[in-house]
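Residues per chain, in single letters:
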Amino acid sequence: MTEAPEVVSAAAEFVDRTLQNEGSWYRADDVGSRLGGQLASYGSSVGAVRGTVRDALRKFKDLDHDGTVMLASALWGQPRPVFERRLAAVVLLQSRVRLLRHSDLTRLEGFLRSARAGDLAAPLLSDVLVPLLAGLGGRERQRAGVVLARWREDPDPGLRAAAAALEKYLSM
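Keep in mind that what you see is a predicted model, and the values were worked out from it rather than measured. (Residues numbered from 1 in each chain as written. Predicted model: local features only at pLDDT ≥ 70, side-chain atom pairs only at ≥ 80, totals over all residues. Heavy atoms only, no water.)

According to the stated counting rule, one finds one cavity of 30 Å³ or more in the structure shown. By volume, the largest cavity amounts to about 30 Å³. What lines the largest cavity is Val 15, Val 53, Ala 56, Leu 57, Leu 71, Leu 75, Ala 88 and Leu 92. Residue assignment for the lining of the largest cavity shows that the elements contributing at least two residues are helix H3 (46–59), helix H4 (65–76) and helix H5 (83–95). Of the residues forming the lining of the largest cavity, the biggest block, three residues, is contributed by H3. Partitioning the lining of the largest cavity into residue classes produces eight nonpolar, no polar and no charged. (1 Å grid on protein atoms, 1.4 Å probe; cavity = no way out; pocket = protein on both sides within 12 Å on 5 of 7 lines; lining within 4 Å. Points joined across faces, edges and corners; volume = space filled by probe spheres on them. Helix = DSSP H or I, 4+ residues; strand = E, 2+ residues; numbered from the N terminus. Nonpolar A, V, L, I, M, F, W, Y, C, P; charged D, E, K, R; others polar.)

A word on the pattern of salt bridges. Within the structure shown, the criterion is met by eight salt bridges. Two residues, Arg 152 and Glu 167, come together in a salt bridge whose shortest N-O distance is 2.7 Å. In this pair, Arg 152 is assigned in helix H8 (residues 138–152) and Glu 167 in helix H9 (residues 157–171), connecting sequence segments 15 residues apart. A relative accessible area of 31% means that Glu 167 is categorised as partly exposed. Each of Glu 109, Arg 113, Arg 150, Asp 154 and Asp 156 takes part in salt bridges that share partners, so that together they form one network. (Salt bridge = Lys/Arg side-chain N within 4 Å of Asp/Glu carboxyl O. Buried < 20%, exposed > 50% of the residue type's maximum accessible area, 1.4 Å probe, protein only.)

And the structure:
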């Protein structure tokens, strides 16, 4: 069942508001400096991000596949890129990786292209894409192989590196 946009919007607002409340200016300055100003920051700790996602999943417990990927996209997208929101999207996908499908690779490709930080790309690769690929079988694995072959030829060096790192999981 597809989640109503209002539910996804309410969940995204809950996560955003909570992360802002958990933030501190000194952590925000540190994240901003570390990332070279590529992303805005609320200054929320990693623990606060994980706890916020856990609380959101308890509060909005009926999120199915579509609701999960819509919420991840809402957290990743937004008018201005915020590190903690994007990290919350990664944590959400980590916790719901069993729901993901080969067809989600295109969305994850967009996340990789726009990550702007290794602190986001690395867990997206190791904790979302690797388990996703490991759980695919048959035709889904073949289709994922086609996507990774396209990534291997992409002009984006980050996407090519991701394809190389993930290639071994399709050959198993």
